[in-house]
Amino acid sequence: MHRRVFLTSLLGASAAAAGLTGCAKGDASAAAKGAATRPLADKVPAGTSLKIASYQDVQQLQFRLAKLPKLPFTVSSWVNIGAGPDVINAFRAKSLDLANNAGIPPIQAHYQGFDAKIVAINVTRKPNYLFATKPGSDIRTVRDFKGRRLAFSQGQAQGVVLLRALKQAGLKYDEVKLVPLTSNQFLTALQSGQVDVAPLANSQAPAYLKQYQGKGAHTIKTDVVDLLNLLWAPQSVLNDPAKAAAIAAYIPAWAKGQVWQYEHPDTWNEEFYVKTQNLTTEQAKSITELANKPLFPPSWDEAIKWEQETADLLAEGGFVKKFDVSSLFDHRFESLAAEAVPAKYRR
């Protein structure tokens, strides 16, 4: 496997985030971005619509259960899409206007030359991922990853979690075997022994262990976090004043929906995990007990620093060229999420 090949995929998501930054700073020299340099409109023009990502229909369910006010624009389609590479492809095809991802997809998009920007941020303080081993494994710590086959998700949150865990353990990329896969292939790869280790979301681990723990599979927890849960959009979408205003109106609802979910774990367990994901109530509780408290920072300084560290980590491995990630953030939207939630959810 060639590093630059799998890195190219890994970095695609970042480009999208990069496009948003241009809006914030207002590049007056670029006529094509002129509309994106204007202040956001106070009202969304009649007839405005957006195509919004909602993986596993989470957004609609949040909004319905939280009984949030009707959005002041039309959602022409809720797109059931989540993986960074898929989102970038949808952005390119103009079948998607706004998506919810982690920090690495905007870096990937930038590397691929796709112009997009970050418009909202929710900071994650606790790990959302852990490492699962194949059945019959003797791996017990991240140091034991040396020489092993590791599932590496190109352009997804799991990718940066793995790279940061390796760095924390003092392992270099050439001391392990990175197997390029997408996250929806991880479980099959573990079950078949194609990989020795794969990063799984906290929500995936209970079902995997229930099936394979008796056969010697286990999990390894670390303190590595994927700091950023963000909204981002193509620069071409942000160049449209009406769509930019709609995104600005959507961000407060996005933040409030996450707060409602966090404050109503029992209802969410039943309505989402049990009814739509076919988990037991006990499995659902084990997931929500690990849930992160949503935190919407009024300032993006920490987020920009973390995103730069991530991009630099990739550059150090020869996967991408070093660049200034500040271009990925559209600061016109910076305070909107924080202003929409109670003070205890701002940080």
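All values derive from a computational prediction rather than experimental measurement.

*Asks:* Would you mind going over the overall build of the protein chain with me for this structure?
*Replies:* Broken down by element type, the protein chain carries 14 helices and ten strands. Residues counted as buried form 56% of the 347 residues belonging to the protein chain. Across the protein chain, the fraction of contacts at a sequence separation of at least 24, relative to all contacts at a separation of at least 6, is 83%.

*Asks:* What's the story with the pattern of salt bridges in this structure? I'm lost.
*Replies:* Oppositely charged side chains are able to pair whenever their charged atoms sit close together. Taken as a whole and judged by the stated rule, the model has eleven salt bridges. The shortest N-O distance in the salt bridge between lysine 117 and aspartate 115 comes to 3.7 Å. With relative accessibility at 1%, the residue lysine 117 sits in the buried group. Here arginine 149 and aspartate 196 are joined by a salt bridge, their closest N and O atoms 3.2 Å apart. Here the residue arginine 149 occupies a position in strand S6 (residues 149–153), and aspartate 196 occupies one in the loop between helix H7 (186–192) and strand S8 (197–201), the gap between them amounting to 47 residues. Taking relative accessible area as the criterion, aspartate 196 reaches 7% and is therefore assigned buried. Look at the salt bridges and you will find they share partners, linking Lys51, Asp97 and Lys243 into a network.

*Asks:* How do you make sense of the side chain of threonine 222 when you look at a structure like this?
*Replies:* For threonine 222, the position within the fold is in the loop between strand S9 (219–220) and strand S10 (228–234). From its side chain, threonine 222 meets the backbone nitrogen of valine 224 in a polar contact 3.2 Å long. Here threonine 222 is in contact with Pro127, Phe131 and Val142, once residues within four sequence places are set aside.

*Asks:* What is the right way to look at empty space enclosed by the protein in this model?
*Replies:* Where empty space is left can be seen by rolling a probe of water-molecule size over the atoms. Scanning the entire structure with this criterion turns up one cavity of 30 Å³ or more. If you go around the largest cavity, the residues you meet are Ala120, Ile121, Phe296, Pro297, Trp300, Phe333, Glu334, Leu336, Ala337 and Ala338. Element by element, the count of residues in the lining of the largest cavity is highest for helix H14 (residues 336–339), at three residues.

*Asks:* Could you clarify how one ought to interpret helix H3 (residues 58–66) in this entry?
*Replies:* Along an α-helix, a turn takes 3.6 residues, which lines up residues three or four apart on a common side. Of all the nine residues making up H3, seven are buried; the element is thus mostly covered by neighbouring parts of the structure. Regarding H3, the residues found buried are Val58, Gln59, Leu61, Gln62, Phe63, Leu65 and Ala66. Buried positions along H3 lie against strand S1 (49–53), strand S2 (74–79), strand S3 (99–102), helix H10 (241–263) and helix H11 (265–274). Positive phi appears at lysine 67, one or two residues downstream of H3, with a value of about 55 degrees.

*Asks:* In this structure, what is going on with the environment of isoleucine 107? I would like to understand it.
*Replies:* By the secondary structure assignment, isoleucine 107 is in helix H5 (residues 104–111). By relative accessible area, which is 0% here, isoleucine 107 ends up buried. For the pair formed by isoleucine 107 and valine 325, sequence separation is 218 residues and the distance between their alpha carbons is 7.8 Å.

*Asks:* Looking at this structure, I do not really get the sheet that holds S10. What am I missing?
*Replies:* To summarise the sheet geometry, strands pair through backbone hydrogen bonds and adopt either a parallel or an antiparallel arrangement. In spatial order, the strands read S3-S10-S4; together these three strands make up an open sheet with antiparallel pairing. Only two strands of the sheet have a single neighbouring strand rather than two, namely S3 and strand S4 (116–123). Mean inter-strand twist for the sheet, computed between neighbouring axes without regard to direction, equals 35 degrees. Of the strand pairs in this sheet, S4 and S10 are connected by seven bridges, and their pairing is antiparallel. Along S10, the bridge assignment pairs alanine 116 with proline 234.

*Asks:* I would appreciate a short explanation of the environment of valine 58 in the present structure.
*Replies:* Among the secondary structure elements, valine 58 is positioned in helix H3. Along the sequence, valine 58 and asparagine 80 sit 22 residues apart, while their C-alpha atoms lie 9.1 Å from each other. Excluding residues within four positions of it along the chain, valine 58 makes contact with Trp268 and Phe272.

*Asks:* Hey, could you run me through helix H4 (residues 84–92) in this one?
*Replies:* Listing the buried residues of H4 in full gives Gly84, Pro85, Val87, Ile88, Ala90 and Phe91. Downstream of H4 by one or two residues, lysine 94 has phi in the positive range, about 60 degrees.

*Asks:* Just to check I follow, could you spell out the packing of aromatic side chains for this structure?
*Replies:* Aromatic rings considered in pairs are described by the distance between their centres and by the relative angle of their planes. This model, assessed by the stated rule, comprises twelve aromatic pairs. For the ring pair phenylalanine 91 and phenylalanine 114, a centre distance of 6.1 Å and an interplane angle of 15 degrees mean the geometry is stacked. Residue phenylalanine 91 is located in helix H4, and its partner phenylalanine 114 is located in the loop between H5 and S4; the two are separated by 23 residues in the primary sequence. Neither residue differs from the other here; phenylalanine 91 and phenylalanine 114 are each classed as buried. Geometrically, the ring pair formed by tyrosine 262 and tyrosine 345 is edge-to-face, given 6.3 Å between the ring centres and 85 degrees between the ring planes. Remark: tyrosine 345 occurs in the segment after H14 and tyrosine 262 occurs in helix H10; sequence separation between them is 83 residues. For tyrosine 262, a relative accessible area of 35% puts it in the partly exposed group.

*Asks:* Could you clarify how one ought to interpret the environment of lysine 43 in this entry?
*Replies:* Tracing the backbone shows lysine 43 in the loop between helix H2 (13–25) and S1. Spatially, the C-alpha atom of lysine 43 lies 8.7 Å from that of alanine 242, the residues being 199 residues apart in sequence.

*Asks:* Is there a simple way to explain unusual backbone geometry in this structure?
*Replies:* Note on backbone geometry: most residues besides glycine have negative phi, and most peptide bonds are trans. In this structure, glutamine 56 takes a positive phi of about 60 degrees despite not being glycine. Note that glutamine 56 resides in the loop between S1 and H3. Here the phi dihedral of lysine 67 falls at roughly 55 degrees; this positive angle occurs in a residue that is not glycine.

What counts and how
Residues numbered from 1 in each chain as written. Predicted model: local features only at pLDDT ≥ 70, side-chain atom pairs only at ≥ 80, totals over all residues. Heavy atoms only, no water. Helix = DSSP H or I, 4+ residues; strand = E, 2+ residues; numbered from the N terminus. Buried < 20%, exposed > 50% of the residue type's maximum accessible area, 1.4 Å probe, protein only. Contact = heavy atoms within 4.5 Å. Salt bridge = Lys/Arg side-chain N within 4 Å of Asp/Glu carboxyl O. Polar contact = N/O pair within 3.5 Å; in protein donor to acceptor, adjacent residues only side chain to side chain. 1 Å grid on protein atoms, 1.4 Å probe; cavity = no way out; pocket = protein on both sides within 12 Å on 5 of 7 lines; lining within 4 Å. Points joined across faces, edges and corners; volume = space filled by probe spheres on them. Pairing = 2+ DSSP bridges. Axes fitted to C-alpha atoms, helices over the stretch in contact; angles between N-to-C directions. Phe/Tyr/Trp six-rings, centres within 6.5 Å; stacked < 30°, edge-to-face > 60°.

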